[in-house]
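# Structure at a glance
Here is what each chain is made of, one letter per residue.
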Amino acid sequence: MELRARGWWLLCAAAALVACARGDPASKSRSCSEVRQIYGAKGFSLSDVPQAEISGEHLRICPQGYTCCTSDMEENLANRSRTELETALRDSSRALQAMLAAQLHSFDDHFQHLLNDSERTLQDAFPGAFGELYTQNARAFQDLYAELRLYYRGANLHLEETLAEFWARLLERLFKQLQPQLLLPDDYLDCLGKQAEALRPFGEAPRELRLRATRAFVAARSFVQGLGVASDVVRKVAQVPLGPECSRAVMKLVYCAHCLGVPGARPCPDYCRNVLKGCLANQADLDAEWRNLLDSMVLITDKFWGPSGVESVMGSVHVWLAEAISALQDNRDTLTAKVIQGCGSPKVNPQGPGPEEQQRRGKAVLPERLPAGTLEKLVSEAKAQLRDVQDFWISLPGMLCSEKMALSTASDDRCWNGMAKGRYLPEVMGDGLANQINNPEVEVDITKPDMTIRQQIMQLKIMTNRLRSAYNGNDVDFQDASDDSSGSGSGDGCPDDLCGRKSSKKSSSSRTPLTHALPGLSEREGQKTSAASCPQPCAFLLLLLLSLALAVAKPRRR
């Protein structure tokens, strides 16, 4: 009898444990009205929803307890959960893109405004000051400003060569105008051009403009280009689809509680973070190069100030041009004597005016341009906003969990842990692909990084290198960020086959591990602990069941 009684208690305990794990039928007899309401609100047919809970052996994602979800419902909700997460990602990315686009537009407008103001001042002041020396060569000045704009916009121009060609053309034209009584054939003008560097007909103005312009223009355009590259990276990464394993994990996170009849249980915060850290593992690997890019952009704004800064140089090109023409007029006689000494005496033009007729000499009266503080305000706002989004990629999981997933605010033992209401025990994973090797919620193959995101990491690195070169005043070949890889200049990014080959090892980071793949680890090695998926009463019954089993197995003393 005693053995039979122990067997009875053992059966009772086992039944209680099963009822706890699967749900007591008596407590699960309510209708599926709550699930019907949610399912219908998503636009699905209510004919799929059973009137009352059914056995859940057919479920492939949610725990197989009593459920209000059929196989079709589970599949539909899984697809919907993936779509909802992708939409949330795009919304977050659009906000960042809008900020970057607004910054780009503001800075571009300001830099273009500086150049336009300089050209307008030249057009207003030069005719009265220099007469035909300007009016007959107005096209040359217009072409110079056009080429400066092209250079700033990223055209494949070498600024020093562009300026040198301008001064050479201008010298030929002005020298002929200043010496109309002389016949100056092409070979004589060629000799004049060869003597120009030693003669320095325009004084120090060409050298000053070259030194300052190369630094100022490359700083301005690299900063604006950096904003464009950052925005483009965000746009392309937002288009990367989520994988099937992520879809399953998000379904379990968001909708399985409804299927199991516990719709009031919201996800545990750490549970949500592990799911999204697994889903967005590749995105988190952007973190290191993203930070490097933004740091370099903030740093190069130091080059916007001072005598060689963007503000002073781009808005004052006309000043050096005026100084150059004035210097040529002042040194006219000395210059002519040196040219004749070096190139010989040219023939006199019998039809030209006499040497007594002088060209108008004058000084351009240029209004003093005072900084309006616009650039200072733009830079201050840009620095603050760029620093705010430095951790964008690694903060995405936490931000989406907080803003989109309606996390639980209840105590730890009352939130949804993926199996039931209860405490979530697994630790939160680190950021990046390599740290997901033991993610308990999402099976992540760390040997297969997403190639689209790897290409964008390369684009960030290329742009950062250009910004650093610009900070040092180096004139780099500056077309598009993709040109370093493709050479096409199309601006559409480098080809897949090339970018794939260019993936390189990233240095380790305390914030974002950059080791992309560890060979041979394609399956999840870490599993959730059983206590995490079993509420506290279940754990008590499990202990009771084990103790009864040991008691039955123990031999009786006689």
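Residues numbered from 1 in each chain as written. Predicted model: local features only at pLDDT ≥ 70, side-chain atom pairs only at ≥ 80, totals over all residues. Heavy atoms only, no water.

Once that is clear, we can look at the overall build of the protein chain. Of the regular secondary structure elements, the protein chain holds 22 helices and 0 strands. In the protein chain, which comprises 558 residues, the proportion classed as buried is 46%. Of the contacts formed within the protein chain by residues at least 6 apart in sequence, a portion of 80% connects residues at least 24 apart. Of the roughly 27300 Å² of accessible surface on the protein chain, a fraction of 51% belongs to carbon and sulfur atoms. (Helix = DSSP H or I, 4+ residues; strand = E, 2+ residues; numbered from the N terminus. Buried < 20%, exposed > 50% of the residue type's maximum accessible area, 1.4 Å probe, protein only. Contact = heavy atoms within 4.5 Å. Areas by Shrake-Rupley, 256 points an atom, 1.4 Å probe, with all protein chains shown as cover.)

Attention now moves to the nonpolar core. F107, F111, F126, F217, W290 and L321 are the most contacted members of the largest nonpolar core, which has 140 residues in total. Among the elements that take part in this core, helix α3 (residues 71-130) stands out by supplying 18 residues, more than any other. Excluding anything up to four places from it in sequence, L321 contacts L122, F126, F141, L144, Y145, F166 and W167. (Core = buried A, V, L, I, M, F, W, Y, C linked by side-chain atoms within 4.5 Å.)

Attention shifts here to the packing of helix α8 (residues 205-238) against helix α15 (residues 317-330). One way to put it is that α8 packs onto α15 with a least axis distance of 8 Å and a crossing angle of 160°. Taken as axis vectors, α8 and α15 run roughly antiparallel relative to one another. As α8 runs across α15, the sense of the crossing is left-handed. Along the contact surface, α8 presents A205, E208, L209 and R212, while α15 presents W320, E323 and A324. Each residue belonging to the contact of α8 with α15 can be placed in one class, and the counts come to 4 nonpolar, no polar and 3 charged. (Axes fitted to C-alpha atoms, helices over the stretch in contact; angles between N-to-C directions. Parallel < 35°, antiparallel > 145°, perpendicular 65-115°, else oblique. Left-handed = near helix turned anticlockwise from the far one by under 90°. Nonpolar A, V, L, I, M, F, W, Y, C, P; charged D, E, K, R; others polar.)

We now examine the state of the cysteines. Taken as a whole, this structure holds 6 disulfides when the rule is applied. The side chain of C62 participates in a disulfide bridge whose partner is C256; the two sulfur atoms lie 1.9 Å from each other. Looking down the S-S bond of the C62 and C256 bridge, the torsion is -85°, so its handedness is left-handed. Remark: C256 occurs in helix α10 (residues 256-259) and C62 occurs in the loop between α2 (33-41) and α3; sequence separation between them is 194 residues. The pair formed by C62 and C256 is uniform in burial state, with each residue classed as buried. The disulfide partner of C246 is C279, and the gap between their sulfur atoms is 2.1 Å. Across the S-S bond of C246 and C279 the torsion is about 105°, and the bridge reads as right-handed. Of this pair, C246 sits in helix α9 (residues 244-254) while C279 sits in helix α11 (residues 269-279), and the two are 33 residues apart along the sequence. (Disulfide = S-S within 2.5 Å.)

Attention now goes to the confidence of the model for the protein chain. Looking at the protein chain as a whole, its pLDDT mean stands at 78, while 74% of the residues score no less than 70. Within the protein chain, no element has a lower average pLDDT than helix α21 (residues 496-501), which sits at 36, and none a higher one than helix α13 (residues 287-300), at 97. Of the regions scoring below 50 in pLDDT, residues 1-29 engages in 35 contacts with residues more than four places distant in sequence or in other chains. Within the model, the stretch residues 478-558 combines pLDDT values under 50 with 147 contacts to residues more than four positions away or in other chains. (pLDDT = per-residue confidence, 0-100.)

Turning to the packing of helix α5 (residues 138-152) against helix α6 (residues 159-178), a few remarks are in order. α6 packs onto α5 with a crossing angle of 180° between their chain directions and a minimal axis gap of 11 Å. Here α6 runs roughly antiparallel to α5, going by the angle between their axes. Within the contact between the two elements, α5 uses A140, F141, L144, E147, L148 and Y151 and α6 uses L159, T162, L163, F166, R169 and L170. Here the contact of α5 with α6 is composed, by residue class, of 9 nonpolar, 1 polar and 2 charged.

As a further point, take the packing of aromatic side chains. Each aromatic ring pair is specified by the distance between its two centres and by the angle formed by the two planes. For the structure shown, the criterion picks out 18 aromatic pairs. Centre to centre, the rings of F141 and F166 are 5.8 Å apart; their planes meet at 70°, and the pair counts as edge-to-face. Taken together, the residues F141 in helix α5 and F166 in helix α6 connect sequence positions 25 residues apart. Given the relative accessible area of 1%, F141 is considered buried. With a centroid separation of 5.4 Å and an interplanar angle of 35°, the aromatic rings of Y271 and Y424 are classed as tilted. One end of the pair, Y271, is in helix α11; the other, Y424, is in the loop between α18 (392-404) and α19 (451-471), with 153 residues separating them in the sequence. The exposure class of Y424 is buried, given its relative accessible area of 9%. An aromatic cluster is defined as three or more aromatic residues linked by ring pairs; in this entry it consists of F126, F130, Y134, F141, F166, W167 and F202. Across the ring face of Y151, the terminal group of R221 is positioned such that the distance to the ring centre comes to 3.7 Å. Cation over ring: K303 sits above Y471, and NZ or CZ is 4.4 Å from the ring centre. (Phe/Tyr/Trp six-rings, centres within 6.5 Å; stacked < 30°, edge-to-face > 60°. Lys NZ or Arg CZ within 6 Å of the ring centre and 35° of its normal.)

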